[in-house]
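So you can see what is in the structure, the chains are spelled out below.
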Amino acid sequence: MGVYTGTRPGVSPKVLWHESPARAWVDLEAGMIWRRGKAEREHATKRRPVVRLPAPLLGHMRRWKAHDDRIAALQDEGDHAATRRRLQPGQRVRTVLHHGGCSIHGRIRTGFEGLVRDAELDGEITPHWMRHTCVTWLMEAGVSSWDASAHTGMSPAMI
């Protein structure tokens, strides 16, 4: 999600499947990600604009949501062995990014460090690099700095 949308790593694990006044959420029907709740104020230097989801990411997210819904239905039927989730019957996965149905908020850095180590990459690589990779890909694709800034929430000068 961070590479395709340029969303900050502090926001990505908090994104919900359903509309929220207080948290970031995704609208799969409209193909948009609201990187802040409708009632949240915009921060002066860390803007989180609404952005259209790129087609490849939207396709993945629709599959993820369908999978989460299928697992929830199995769990509701009492098939807990098939789900391997740590949720209670009737409880739904709320966040887009999760592990076993539980939010990964607060654990993304640790998991990312493991991925970097396993891939034998430079240990200085952090989740924030995905945001910069998004900008790099936009620039390489010939997107104007103005449009790239609107997509990522960065200023044109920062781009």
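What you see is a predicted model, and the numbers here were worked out from it, not measured in a lab.

S.K.: Give me the packing of aromatic side chains: which residues, what numbers.
M.R.: Within a pair of aromatic rings, the relevant descriptors are the distance that separates the centres and the angle that separates the planes. For the structure shown, the criterion picks out one aromatic pair. For the pair Trp 25 and Trp 34, a centre-to-centre distance of 5.2 Å together with 5° between the ring planes defines the contact as stacked. The ring centre of Trp 34 lies 4.9 Å from the NZ or CZ of Lys 38, which sits over that ring.

S.K.: Tell me about unusual backbone geometry, and name the residues and values.
M.R.: If you check the backbone angles, Glu 120 has positive phi at about 55° while not being a glycine. Within the element layout of this structure, Glu 120 appears in the loop between helix H4 (108-118) and helix H5 (128-140). The exposure class of Glu 120 is exposed, given its relative accessible area of 73%.

S.K.: So, the packing of H5 against helix H6 (residues 145-152): which residues are in play, and what are the values?
M.R.: The contact between H5 and H6 brings their axes to 10 Å, and the two run at 150°. The orientation of H5 with respect to H6, classified from their angle, is roughly antiparallel. The two elements H5 and H6 meet at a crossing, and its hand is right-handed. Mapping the contact onto sequence places Arg 131, Cys 134, Val 135, Leu 138 and Met 139 in H5 and Ser 145, Ala 148, His 151 and Thr 152 in H6.

S.K.: Could you give me a rundown of the sheet that holds strand S3 (residues 51-52), with the residues and numbers involved?
M.R.: With respect to topology, three strands assemble into an open sheet ordered S1-S2-S3, the strand pairing being antiparallel. In this open sheet, the two strands that pair with only one neighbour each are strand S1 (25-27) and S3. Note that S1 and strand S2 (residues 32-34) share three bridges and pair antiparallel. Note on S2: the bridge partner recorded for Trp 25 is Trp 34.

S.K.: Explain the side chain of His 151 residue by residue, including any values.
M.R.: Within the secondary structure layout, His 151 lies in helix H6. Those residues within four positions of His 151 in sequence are excluded, and the remaining contacts are Tyr 4, Thr 5, Arg 35, Val 51, Arg 52, Cys 134 and Leu 138.

S.K.: For H5, give the residues involved together with the corresponding values.
M.R.: For H5, built from 13 residues, the straight-helix expectation of 18 Å at 1.5 Å per residue is met to within 8% by its first-to-last C-alpha distance of 19 Å. When H5 is considered as a whole, its buried residues turn out to be Arg 131, Cys 134, Val 135 and Leu 138. In a view along the axis of H5, the buried residues occupy a sector of 95°, so they form one face of it. Turning to H5, the residues buried within the fold contact helix H1 (2-5) and H6. Two residues or fewer past H5, Gly 142 is found with a positive phi of approximately 85°.

The rules behind these values
- Residues numbered from 1 in each chain as written.
- Predicted model: local features only at pLDDT ≥ 70, side-chain atom pairs only at ≥ 80, totals over all residues.
- Heavy atoms only, no water.
- Phe/Tyr/Trp six-rings, centres within 6.5 Å; stacked < 30°, edge-to-face > 60°.
- Lys NZ or Arg CZ within 6 Å of the ring centre and 35° of its normal.
- Helix = DSSP H or I, 4+ residues; strand = E, 2+ residues; numbered from the N terminus.
- Buried < 20%, exposed > 50% of the residue type's maximum accessible area, 1.4 Å probe, protein only.
- Axes fitted to C-alpha atoms, helices over the stretch in contact; angles between N-to-C directions.
- Parallel < 35°, antiparallel > 145°, perpendicular 65-115°, else oblique.
- Left-handed = near helix turned anticlockwise from the far one by under 90°.
- Contact = heavy atoms within 4.5 Å.
- Pairing = 2+ DSSP bridges.
- Expected span 1.5 Å × (residues − 1).
- Arc of directions from axis to C-beta.

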